[in-house]
Amino acid sequence: MKKLTVLLLTIILIVSLAGCGSDNTASTTEIEGCEVSLITGADGLENELAAETWECVERYANEKKYRQAIDVLLADNSNPYYSLREYRLANYYNRIEKADSAAYWAEKCIAMKPLCYSPVRILVSIAGKEGKRDKQLCLIDEYLKRYEKDPLAWEDKISVLRYEKRLQEAIETCNQAIELFSKNAKFRSLKEKITEEIEK
């Protein structure tokens, strides 16, 4: 009964998110002891991962078994407009130090959701591990040109500038962020800390 309820809720979710019809059938496969249920639409394409599959991915991720989580996600052929799969693949590949695969999936996610900062942040992380600070700043600046209202992107830019001891630029970036996010006390606090660093 529980599985039937989960399946019905998943189908409703798919219909609302992906515009799929009601001609859906469930298929199940085993991946390293984890039952993976996929919902297959009338077009023969597998849509969103079923609820128990997401639970499986979450469990592996929580246990830091990223390779197993990747295998589950790769077995899914989701709706091409649903970018969570691509983001998680990028994230998990990054965690197991597979930079090329992480970048590949992050780029795919960015192409699907260009205003989402999370996959850009994975590319920023990869560039940081490679010691490419200018590339980090370039990636963040390119994102901010598309969408300047993500405070995390501004925080990351300030962090990179601080790491590089480009403190005056970091102050200027704080000022820009304070203008955009007047109610966010974090940027004022960062500015105070950087000012203290300059005055030392």
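Our structure is the block above this text.
Every chain is numbered on its own, with residues counted from 1 as its sequence reads. Given that the model is predicted, a residue must reach a pLDDT of at least 70 before its local features are reported, and side-chain atom pairs must reach 80 or more before they are shown or counted; all residues, however, enter totals for whole chains, interfaces and linings. Each side-chain value is derived from all of the structure's non-hydrogen atoms; neither hydrogens nor water enter the calculation.

Enquirer: Can you break down the overall build of the protein chain residue by residue, with the values?
Expert: In this text, helices come from DSSP runs of H or I with a minimum length of four residues, and strands from runs of E with a minimum of two, each type numbered from the N-terminal end. Helix and strand content of the protein chain: 10 helices and three strands. Counting from the amino terminus, the protein chain carries its helices and strands in the arrangement α-β-β-β-α-α-α-α-α-α-α-α-α. Whether a residue is buried, partly exposed or exposed follows from its accessible area with a 1.4 Å probe, protein chains only, as a fraction of its type maximum: under 20%, in between, or over 50%, in that order. Sorting the 200 residues of the protein chain into buried and exposed places 42% on the buried side. Whether two residues are in contact is decided by their heavy atoms, any of which lying within 4.5 Å being enough. Excluding contacts between residues fewer than 6 apart, the proportion of contacts in the protein chain whose partners are at least 24 apart in sequence is 48%. In the form shown here, the protein chain has an accessible surface area of approximately 11,300 Å², with 52% of it arising from carbon and sulfur atoms. Here the open area of atoms and residues is found with the Shrake-Rupley method and a 1.4 Å probe, where only the protein chains shown may cover a residue.

Enquirer: Provide a residue-level description of the packing of aromatic side chains, including the pertinent values.
Expert: Aromatic contacts are taken between Phe, Tyr and Trp rings whose centres are within 6.5 Å, Trp giving its six-membered ring; a plane angle under 30 degrees counts as stacked, one over 60 as edge-to-face, and the others as tilted. As enumerated under the stated definition, the model contains five aromatic pairs in all. Relative to Tyr147, the ring of Tyr143 has its centre 6.5 Å away and its plane inclined at 70 degrees; by these criteria the two rings are edge-to-face. When its relative accessible area of 32% is taken as the criterion, Tyr147 is described as partly exposed. Here a set of aromatic residues connected by ring pairs shows up, and it is made of Tyr117, Tyr143 and Tyr147. Sitting over a ring, as applied to charges here, requires NZ of Lys or CZ of Arg to be within 6 Å of the ring centre and within 35 degrees of the ring normal. A cation over an aromatic ring shows up here: Arg59 above the ring of Tyr60, its NZ or CZ 5.1 Å from the ring centre.

Enquirer: Can you break down the side chain of Asp150 residue by residue, with the values?
Expert: As for its position among the elements, Asp150 is in the loop between helix H7 (133-146) and helix H8 (151-163). This buried residue, Asp150, is left without a salt bridge; Arg121 holds the nearest opposite charge, at 7.9 Å. With residues up to four places along the chain from it excluded, the contact list for Asp150 reads Tyr117, Tyr143 and Phe181. Charged residues are defined here as Lys and Arg on the positive side and Asp and Glu on the negative side; His and the ends of the chain fall outside this count. Salt bridges are identified by distance alone: a Lys or Arg side-chain nitrogen within 4 Å of an Asp or Glu carboxyl oxygen.

Enquirer: How would you sum up unusual backbone geometry? Please name residues and give values.
Expert: Even without a glycine there, the phi angle at Lys64 is positive, about 60 degrees. By relative accessible area, which is 60% here, Lys64 ends up exposed. Even without being a glycine, Lys165 presents a positive backbone phi close to 65 degrees. Structurally, the position occupied by Lys165 is in the loop between H8 and helix H9 (167-180).

Enquirer: Mind laying out the pattern of salt bridges, listing which residues take part and the relevant values?
Expert: Tallied over the entire structure, the rule returns 12 salt bridges. Between Arg88 and Glu58 there is a salt bridge whose closest N-O contact spans 2.6 Å. Of this pair, Arg88 sits in helix H4 (residues 84-95) while Glu58 is found in helix H2 (residues 51-62), placing the two residues 30 residues apart along the sequence. Between Glu63 and Lys65 there is a salt bridge, with its nearest N and O atoms 3.3 Å apart. Among the residues examined, Glu63 registers a relative accessible area of 39% and is labelled partly exposed. Salt bridges sharing common partners tie together Asp134, Arg166 and Glu169.

Enquirer: Lay out H8 with the relevant residues and their values.
Expert: A helix is expected to reach a length of 1.5 Å times the quantity of its residues less one. The end-to-end C-alpha separation of H8 is 18 Å, in line with the 18 Å expected for 13 residues at 1.5 Å each. All of the buried residues along H8 are Ala153, Trp154, Glu155, Asp156, Lys157, Ile158, Val160 and Leu161. Buried residues belonging to H8 abut helix H6 (117-129), H7, H9 and helix H10 (185-199). Two or three places before Leu152, at the opening of H8, Asp150 has a side-chain oxygen 2.9 Å from that residue's backbone nitrogen. At the exit of H8 stands Lys165, carrying a positive phi of roughly 65 degrees. Polar contacts here mean pairs of N or O atoms no more than 3.5 Å apart (in protein, one a potential hydrogen donor and the other a potential acceptor; neighbouring residues in sequence count only if both atoms are side-chain atoms).

Enquirer: For the nonpolar core, give the residues involved together with the corresponding values.
Expert: Ranked by internal contacts, the top residues of the largest apolar core, which has 45 residues, are Val57, Tyr92, Tyr117, Ile140, Phe187 and Ile194. With seven residues, H6 is the single largest residue contributor to this core. Leave out the neighbours within four places in its chain, and Phe187 touches Pro151, Trp154, Glu155, Ile158, Cys174, Ala177, Ile178 and Phe181. We call a set of buried Ala, Val, Leu, Ile, Met, Phe, Trp, Tyr and Cys residues a nonpolar core when their side-chain atoms join them within 4.5 Å.

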